[in-house]
Amino acid sequence: MSEFGPSSGGITGVGDAENRLGAFADDDSVVSSNVTNEEAQTLTRGGLDMDSAENNRAGIMPRNRREWCIVIFALLLIVAAAAGTGVGLGFYFMNQGKTDPTGGTKGNGSDGNDGEESNNSELSETVTTPENATSVPPEMELPTDFAGAVEYHMISQGISDFASFADMAGNGSSSGSSTPQQKARDWLVFDDVMQGKQDQPPPTDDLVSSQSSSSSYLDSTTPAYRVAQRFALASFYFATKGDLWDPDGQWLQPGKHECDYPGVTCKNMTIPSISLEEALQNPNKLPHHTDGSVDTTTERMIVEIHLPENNLQGTLPDEIMAFPFLTQLGLWSNNIEGNIPAKIGQLENLESLLLDDNKFTGGITTEIGLLKNLKMLSLGFNPGIGGGIPDELGSLTNLEALYLPNMSLRGALPSSMQDLENLRELKLQSNKLRGRIPDWLGSLVNLEKVDLSDNSFSGDVPGVLSALVNLRELELHGNDLGLIPCQSLEQVKLLSANCKSGDGTSSCDCCTSCV
C-alpha cells in the first residue's frame, strides 16, 4: 500500500554550505594583492576599523574580490534556503490535505497517539472515495462501528444521501431517530437479532465485535448487496409509516428474512460475495450485481413488491433503488405523497410499475426513461402530477401498456412516443393535453385500446388510423375534434366521440357512443 507523509528531511545542504563559508572566510590567501598591509591586518582579525571614514564606506560596500565572493555566496545561500523551505512546506501541506477516511494523514500513522498503531487496523486501509464524490462528504470518516458502516455504505453507493443521516440519532434505540434512514440503520444495529436469541445481550455497536456476535442478524461479513436490501426495505417501511399499515407487526420482525414479509417475493440470485467490510475499503469498485467475474454467492433477493390498497402513507424513499433484481412494484390505491423518486430509474430489471391512485405530486421524472425493460407503466389518478409527458418515455420501447389518466398533464403528445412500437394500450383520458391527434399514432400497429377522451385535442381525426388493424376501442369524446373518418375505423368495435347533434341525432355513423 503506497503511503504519503509530510517531508521529514528538512532543507538539505545548509550545514555543508555553512562549513564551506567558514573555511572560505578563514583563508587569508584569497585577499587581494592590492590591499595594504594595514588593511590586511584589519581584515584577518575578522573585523573593520569603524573609526575611519574609509572603513565606514567599506561596511556598506565590499572593497575587494574576497568580500564580493562572500557576499554573493551568502546571497545564493539565502535564495537556496528560501527555495528549499518553500518546496518543503509545499510538500508538507499537500500531504496534510491527503488524509485518509480515518481522519489521519496517510503515511504517518498518526491518530493523536504519537504514532501508535490504530486499534482499528482492520478498517484503516486506504479507501478511495467514489468517483461521484458528492455522495460522500470528505469529512466523513471510515467507520469503526456497524452503524457507521451501514451509513457509509449507503451514502457511498448513492442509495441514501448524507442529509438523511445528518441529524444524528441518539445511541441505543431506533425510537430516538427522526428520519426513515436513521430508523432503519438503528433497527439493523440494535433491534435486529437472530430468532431464538432475543434473550441474549443486544448486539454491540462495534464493527469488529458484531462479526462474532451470536445474536446479531447481519454484520460486516454479510454480502454488501444483502445488507443494502434489508436496510432499503426497512427504510421503505418507515418512510411509508409502516406502523399504520402493518399493525400486526409482520414486517421488521427481528431475525426474520425480509423475503418472508407479506407482499414481498424473492428468488435465489447470484450476487458478488463481497462483504460490507470489503465494500468499505473500495466503495467505488463495488462490482455490478450481475458481475460474474468476481467471487459470487447465492442469496434470496427481492424480485416483487405488491402492497396495493394497504394504507401506505408518507413518501416513496430513494432507497427503492437498492432492489436491483426488482421486476414488479405494485403500490396502487394507497396514500403515498411527494415526488416519484428519480432513483427509481436505476431499477434496470423493472417490468411493471404501478403507482396509480395515490397522492404523488410534481412531474413524471425523466429517469423513468431508463427503465428499458418496462412493459407496464401506470401513474394515473394522481391529480398532483402535472407538466408535460417527458420525451424520455419514448425510450421505453418494450412498453405494452401506458396508463396516465386523471392527472394534470399538459401540452402535446411528444413525437418520441412513436417509438413505442410494442404499445397495446394507451390511456390518457382526463388530462389537459392539447394539439392535434398526431399522424404517427397510426404507426403504432399493435395498439388495441386508445383513450384520449376529456382533453383539449382539436382538428380532424387522422385517416392513418386505418393502419391500426388491431384497434378495438377508441374513445375521443370530450375534445374539440372535427371530422371522424368512419371508413378508416371499421375495425373499431367501441368508438366514442362528441357526435350528438342538437336534435339528438348522431353525426357519426360509426360511433357506438355519441356524447
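The rules behind these values
Residues numbered from 1 in each chain as written. Predicted model: local features only at pLDDT ≥ 70, side-chain atom pairs only at ≥ 80, totals over all residues. Heavy atoms only, no water. Helix = DSSP H or I, 4+ residues; strand = E, 2+ residues; numbered from the N terminus. Disulfide = S-S within 2.5 Å. Buried < 20%, exposed > 50% of the residue type's maximum accessible area, 1.4 Å probe, protein only. Pairing = 2+ DSSP bridges. Contact = heavy atoms within 4.5 Å. Axes fitted to C-alpha atoms, helices over the stretch in contact; angles between N-to-C directions. Left-handed = near helix turned anticlockwise from the far one by under 90°. Nonpolar A, V, L, I, M, F, W, Y, C, P; charged D, E, K, R; others polar. Polar contact = N/O pair within 3.5 Å; in protein donor to acceptor, adjacent residues only side chain to side chain. Salt bridge = Lys/Arg side-chain N within 4 Å of Asp/Glu carboxyl O.

A. Spatial organisation of the environment of Ile159. Locating Ile159 in the fold gives a position in the loop between helix H5 (146-156) and helix H6 (163-166). In this structure, the C-alpha to C-alpha distance between Ile159 and Pro317, residues 158 residues apart in sequence, is 9.7 Å.

B. Representation of the state of the cysteines in the model. All told, the structure shown has four disulfides when counted by the stated rule. Across the disulfide from Cys499 sits Cys514; the S-S distance is 1.8 Å. Its S-S torsion of approximately -110° makes the covalent link between Cys499 and Cys514 left-handed. Taken together, the residues Cys499 in the loop between strand S17 (494-497) and strand S18 (513-514) and Cys514 in strand S18 connect sequence positions 15 residues apart. Owing to a relative accessible area of 22%, Cys514 belongs among the partly exposed residues under this scheme. Covalently, Cys508 is tied to Cys511 through a disulfide, its sulfur atoms 2.1 Å apart. An S-S torsion of about 80° defines the bridge between Cys508 and Cys511 as right-handed. Among the residues examined, Cys508 registers a relative accessible area of 4% and is labelled buried. Judged by relative accessible area, which is 13%, Cys511 ranks as buried. Within the protein chain, bonded cysteines paired by disulfides and numbered along the sequence follow the pattern 1-2, 3-6, 4-8, 5-7.

C. Just the sheet that holds strand S9 (residues 401-403), in detail. On the basis of which strands lie adjacent, the open sheet formed by 11 strands has the order S1-S2-S3-S5-S7-S9-S11-S13-S15-S17-S18 and mixed pairing. Looking at strand neighbours, the two that pair on one side only are strand S1 (264-272) and S18, the edges of this open sheet. In the sheet, strand S13 (residues 449-451) pairs with strand S15 (residues 473-475) via three bridges, with the strands oriented parallel. Of the residues in S15, the one forming a bridge with Val450 is Leu474. Each of S1 and strand S2 (296-306) touches helix H9 (residues 224-239); the most contacted strand, S2, lies at about 20° to it.

D. The arrangement of the packing of H5 against helix H7 (residues 180-191) in detail. One can describe the packing of H5 onto H7 by two numbers: an axis separation of 9 Å at closest approach and a directional angle of 145°. Considering the relative orientation of H5 and H7, their crossing is right-handed. Residue-level contacts link Phe146, Ala147, Val150 and Glu151 of H5 to Arg185, Leu188 and Val189 of H7. Considered class by class, the residues forming the contact of H5 with H7 number five nonpolar, no polar and two charged.

E. Quick look at the side chain of Ser488. Positionally, Ser488 belongs in the loop between strand S16 (480-481) and S17. One polar contact links the side chain of Ser488 to the main-chain carbonyl oxygen of Gly463, over a distance of 3.3 Å. For Ser488, the contacting residues outside a window of four places in its chain are Gly463, Leu465 and Ser466.

F. A look at the sheet that holds strand S14 (residues 456-459). Reading across the sheet, the seven strands line up as S4-S6-S8-S10-S12-S14-S16 and stay open at both edges, with parallel pairing between neighbours. In this open sheet, the two strands that pair with only one neighbour each are strand S4 (337-338) and S16. Bridge analysis of S4 against strand S6 (residues 359-363) gives two bridges, and the strand direction is parallel. Bridging across to S6, Gly338 finds its partner in Phe360.

G. Molecular detail of the pairing of S14. As paired elements, strand S12 (residues 432-436) and S14 share three bridges and run parallel to each other. Paired with Arg436 across the strands is Ser458, a residue of S14. Sheet topology places S14 next to S16; two bridges connect them, and they run parallel. Of the residues in S16, the one forming a bridge with Ser458 is Asp480.

H. Quick look at unusual backbone geometry. Unlike most non-glycine residues, Leu252 shows phi in positive territory, near 55°. Relative to the helices and strands, Leu252 is located in the loop between helix H10 (242-245) and S1. In this structure, Asp357 takes a positive phi of about 60° despite not being glycine. The topology assignment puts Asp357 in the loop between strand S5 (352-354) and S6. Judged by relative accessible area, Asp357 falls into the partly exposed class, the value being 36%.

I. View of the pattern of salt bridges. Across all of its chains, the model carries nine salt bridges by this definition. With a shortest N-O distance of 3.5 Å, Arg226 and Glu299 are connected by a salt bridge. Of the two residues, Arg226 is situated in helix H9 and Glu299 in strand S2; the sequence distance between them amounts to 73 residues. The exposure class of Arg226 is buried, given its relative accessible area of 6%. A relative accessible area of 16% places Glu299 in the buried class. Across the salt bridge formed by Arg300 and Asp260, the nearest N and O atoms sit 2.9 Å from each other. Taken together, the positions of Arg300 in strand S2 and Asp260 in the loop between H10 and S1 put the pair 40 residues apart, joining distant regions of the chain.

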